[in-house]
Amino acid sequence: MTEPSLYTVKALFILDNDGNRLLSKYYDHEFYPSMKDQKNFEKKVFNKTHKADNEIAFLEGMTIVYKNSIDLFFYVVGSAQENELMLMSVLNCLFESLSQIFRKNVERRGLLDNMEGVFLIVDEIIDGGVILESDPQQVLQKVNYRADENPLSEQSVAQVLQSAKEQIKWSILK
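Thresholds, definitions, all that
- Residues numbered from 1 in each chain as written.
- Predicted model: local features only at pLDDT ≥ 70, side-chain atom pairs only at ≥ 80, totals over all residues.
- Heavy atoms only, no water.
- UniProt positions renumbered as here; feature names shortened; annotations may be inferred.
- Helix = DSSP H or I, 4+ residues; strand = E, 2+ residues; numbered from the N terminus.
- Core = buried A, V, L, I, M, F, W, Y, C linked by side-chain atoms within 4.5 Å.
- Buried < 20%, exposed > 50% of the residue type's maximum accessible area, 1.4 Å probe, protein only.
- Contact = heavy atoms within 4.5 Å.
- Salt bridge = Lys/Arg side-chain N within 4 Å of Asp/Glu carboxyl O.

Within an unreviewed UniProt entry, the label attached to the protein reads Coatomer subunit zeta, and the organism entered is Takifugu rubripes. Checking UniProt for the protein, the heading Subunit (unreviewed entry) contains the comment "Oligomeric complex that consists of at least the alpha, beta, beta', gamma, delta, epsilon and zeta subunits." Regarding the protein, the UniProt comment filed under Sequence similarities (unreviewed entry) reads as follows: "Belongs to the adaptor complexes small subunit family."

If you want it as structure tokens, here you go:
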């Protein structure tokens, strides 16, 4: 049995109804290091799950939790030893956060129109494979989402970029 680790999530990706990648983040660089390997893995996952009614799959030694909405498929991937409930909490947090931003069904068009906000949400939930947050309300608060500003405002994006610059500056100074 392997030692417990904070690095819970190996990958997160969103595919359309045809299995095409719309968004992907791979957190373990040894896990499918090339773009070709990643796309092949995503194709296998999609082929195994797109007609299934389950919420969990096992493929190539990985635990995969997934959900579909209209014309999108959401996937969170962890190692075989990973707790499925933890992975599912990440998936649910992502989906609920997006549902609140779109104020309706989560679909391809809305996702593509608000991609910068989607990346901000993903980065608030997971950082380097470590789960940071699983409460959608906290995630939306952190990305400074307001119900009257749909999509995310330019000011909130600018604030996030400024915060990232400050963090980089401090890490360099250390």
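Draft legend 1. Region of the structure containing the environment of Leu85. Following the sequence through the fold, Leu85 ends up in helix H2 (residues 84–102). Put simply, Leu85 and Val65 are 20 residues apart on the chain and 9.1 Å apart in space, counted from C-alpha to C-alpha.

Draft legend 2. Examining the nonpolar core more closely. Within the largest apolar cluster, 33 residues are counted, with the highest numbers of intra-cluster contacts made by Leu12, Phe74, Leu98, Val118 and Ile121. Mapped onto this core, the elements with two or more residues apiece are strand S1 (9–16), strand S2 (21–26), strand S5 (72–79), H2, helix H4 (115–125) and helix H5 (136–142). Excluding its chain neighbours within four sequence positions, the residues that come into contact with Phe74 are Phe13, Ile14, Val65, Tyr66, Lys67, Ser69, Leu91, Leu94, Phe95, Leu98 and Val106. Counting 17 residues, the second largest nonpolar core, distinct from the first, contains Ala11, Tyr26, Phe41 and Phe46.

Draft legend 3. Examining the pattern of salt bridges more closely. Counted by the stated rule, this structure contains seven salt bridges. One salt bridge connects Lys25 with Asp123, and the closest N-O pair in it is separated by 2.7 Å. Here the residue Lys25 occupies a position in strand S2, and Asp123 occupies one in helix H4, the gap between them amounting to 98 residues. Residue classification places Asp123 among the partly exposed residues on the basis of a relative accessible area of 34%.

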